[in-house]
Structures are given as C-alpha cells and as structure tokens.
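Residue strings, one per chain:
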Amino acid sequence: MESVELRLEILRKNQNADGGWGYFPGKMSRVEPTCYALRALGSSNPCWPHGLRFLISCQEQSGGLNSGPGIPGATWVTQLAFPLLKQAGYETKSLESAAHWILNCEGAEGGIMQRLLYSLGKSKVEQDPNLKGWPWRSDNNSWVEPTAHGLLALHWMQGHAPEERIHYRRDLAVKMLLDRRCIDGGWNYGNKKVLGENLASYPETTALALLGLAATNHDLKASLERAKSHLAETHGSYSRALLTLALTIHGEKVEYEAQHPIGHPSRNLMLASIEVLASKGGSQAFLP
C-alpha cells in the first residue's frame, strides 16, 4: 500500500489554488481530473471542500458544467461531477439544474435519413439510431464513455428529477450500450461495426461501459470475460486500473498492483487517482 500513499500524497500536494486539479502538476484545473482526485482522496480529506467549490464554479446557467475555467459550454463532465455534488449535499437548486441538464442532453443520432437507411439495412454504421445515450457535447452523437458516466449519474438522482424520466433515460442508455457491444463482448469507442467490418473492443472503453452497466440485470458474462482477457493482455497502467475497477464493481476478485511503485513517471494526476481507486477497491465510489 506504500504506492497508494505515495499517489495520495502527490494528489494532496498538487491541488491548485482554485481547488481543482489539472491532468499534470502545475497545469490548469479541469473538471475531469478533479472528479477523479476527489474520489481517490475521499470525502473525509481536507482537500474536499475546496475541490467541490471548484466544481460548482464550473456550473453554467444551463445547469451543466463546463470542462474548466475559460472553456465555455456545458459538456459530459456534468454527469461525472453530479455524484460528487450529491454526496457533498450541495443545495437542491444546483443539483436539480444539473440533473435537468443531464436528463435533457442526448445523442443527436436518429434523424429521418439515418433511421431510413437503418430500416433498409443500408447504414454504413451498424447501430440502432433510435437508441440514444450521451454525447461529449450537446448536438453530437452518443459515445460509450459519456454514456457510461451518464448511467452512473442516474443512480444519484433520486429526489432531484422525475422518477419516470430517470427510468426512461436509464433504459434507453443501457439498450444503447448493449446495442453497441462488439462481437468479442467488449466495447469500442462508439460503434461495433463500420462499412461491414467488425470493430475490436478496447480495454479502457470496455471497462467504462461495464462501470456504467453496474447494478443492471443484464447478462454481461461475455463482457466480463472479455474484460478479464483485456486485463491479462494489457500492460498500460490506465487500462489496467480501469479494468480492475470495472471487474471489482461486478463482484470479480481481482487486485491491482501499480507497475511503478515509486510513482508513475508521467506524473499523470488522473492516472494516479484511478490507480488509488483500483488499489483500494474503490468501485464503491461510483455508486451510492
């Protein structure tokens, strides 16, 4: 656990003056690495209140959060931040406006021509355009990672949005992820088949999709087996840590061992956070 303590110390020492964290030491604060750092440190850490104030400072009038200071426009990081704001007990108005933004942001696919080509079997991309998840930004198509975080955010939304709306988005997004699942059981970034060619899954996107599908009643045996294969075959710290988190949240007995016990040479702060979560079995940080 010495490597965990080292990474926690790196996170504590590299919180910026505005309360957030950058992707690397000394870089501008961004919502994504801040969310992962707060999850890794835990709510009892003295860094938490200042970090949460940074997150709320990024909330726009629409209710969504932008990705960081000087970058206007709410994005997918809203669903990444929502569970932390809920856990911290932020005021109802902020939580309800964020929940409203998340529930009303959906993929832009599903136009008349796209649906027609799909119904005729002539679409260049094999996916059901009627199934929508979440995009990276509004008015974009759905992708696996923002959809996974959207599903995780829904678990924390009770009391801040209509239950029927939460259930509808959850059902639609789960179907979308299952529809996009690759033939090998894992997930690519967005599609499973393009121009007649089956696409291979990737370790990190497979892990993120499985995180999003936690606490669902669907048969994910093939996907969990693919995740285990990815874990056995993959050497990258980022992918291995995410896969460990995903498998753990689904009840699989796996352990994460940092490949660089004295600190990752890239000094990647988000990676340090994910490694802490993987090493501590921190999958519970993603669900209530």
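As shown above, the structure is provided for reference.
The structure displayed is predicted, hence computed values, not measured ones.

S.K.: I tried to follow helix α12 (residues 269-279) on my own but got confused; where do I start?
M.R.: Residues spaced three or four apart along an α-helix face the same direction, because each turn holds 3.6 residues. Within α12, ten of the eleven residues are buried, leaving the element largely enclosed by the surrounding structure. Those residues of α12 that sit buried are Leu-269, Met-270, Leu-271, Ala-272, Ser-273, Ile-274, Glu-275, Val-276, Leu-277 and Ala-278. The inward-facing, buried residues of α12 contact α1 (2-13), α2 (31-41) and α11 (237-249). Phi turns positive one or two residues past the end of α12, at Gly-281, with a value near 65 degrees.

S.K.: Explain the nonpolar core here, please?
M.R.: Within soluble globular proteins, side chains that are nonpolar tend to cluster in buried spots. The biggest cluster of nonpolar side chains holds 81 residues, and the ones touching the most others in it are Val-31, Leu-55, Phe-82 and Met-157. With residues up to four places along the chain from it excluded, the contact list for Met-157 reads Phe-82, Ala-99, Ile-102, Leu-103 and Ile-166.

S.K.: Mind showing me how you'd approach the packing of aromatic side chains here?
M.R.: A full pass over the atoms with the stated rule returns two aromatic pairs. Where Trp-76 meets Trp-136, the ring centres are 5.3 Å apart and the plane angle is 90 degrees; that geometry is what we call edge-to-face. Here Trp-76 is found in the loop between α3 (48-57) and α4 (77-87), whereas its partner Trp-136 is found in the loop between α6 (112-119) and α7 (144-154), with 60 residues between them in sequence. Its relative accessible area of 30% is what places Trp-136 among the partly exposed residues. With a centroid separation of 5.1 Å and an interplanar angle of 40 degrees, the aromatic rings of Tyr-189 and Tyr-202 are classed as tilted. On the criterion of sequence distance, the pair formed by Tyr-189 in the loop between α8 (163-179) and β1 (193-194) and Tyr-202 in the loop between β2 (197-198) and α9 (203-212) is long-range, its members being 13 residues apart.

S.K.: Just checking my understanding: could you explain the side chain of His-160 for this structure?
M.R.: Summarising the element assignment, His-160 is placed in the loop between α7 and α8. You can call His-160 buried: its relative accessible area is 14%. Contacts of His-160, omitting those with residues within four sequence positions, involve Lys-86, Thr-92, Leu-95, Glu-96 and Ala-99.

S.K.: Explanation requested: the pattern of salt bridges in the structure shown.
M.R.: Close approach of charged atoms allows side chains with opposite charge to pair. Under the defined criterion, the tally for this structure stands at eleven salt bridges. Among the ionic pairs, Glu-106 bridges to Lys-132, the shortest N-O distance being 3.6 Å. Highlighted residues: Glu-106 in the loop between α5 (92-104) and α6 and Lys-132 in the loop between α6 and α7, separated in sequence by 26 residues. Given the relative accessible area of 18%, Lys-132 is considered buried.

Here is what the cut-offs are and how they apply
Residues numbered from 1 in each chain as written. Predicted model: local features only at pLDDT ≥ 70, side-chain atom pairs only at ≥ 80, totals over all residues. Heavy atoms only, no water. Buried < 20%, exposed > 50% of the residue type's maximum accessible area, 1.4 Å probe, protein only. Helix = DSSP H or I, 4+ residues; strand = E, 2+ residues; numbered from the N terminus. Contact = heavy atoms within 4.5 Å. Core = buried A, V, L, I, M, F, W, Y, C linked by side-chain atoms within 4.5 Å. Phe/Tyr/Trp six-rings, centres within 6.5 Å; stacked < 30°, edge-to-face > 60°. Salt bridge = Lys/Arg side-chain N within 4 Å of Asp/Glu carboxyl O.

Note that all results are geometric; they support no functional claim without further evidence.
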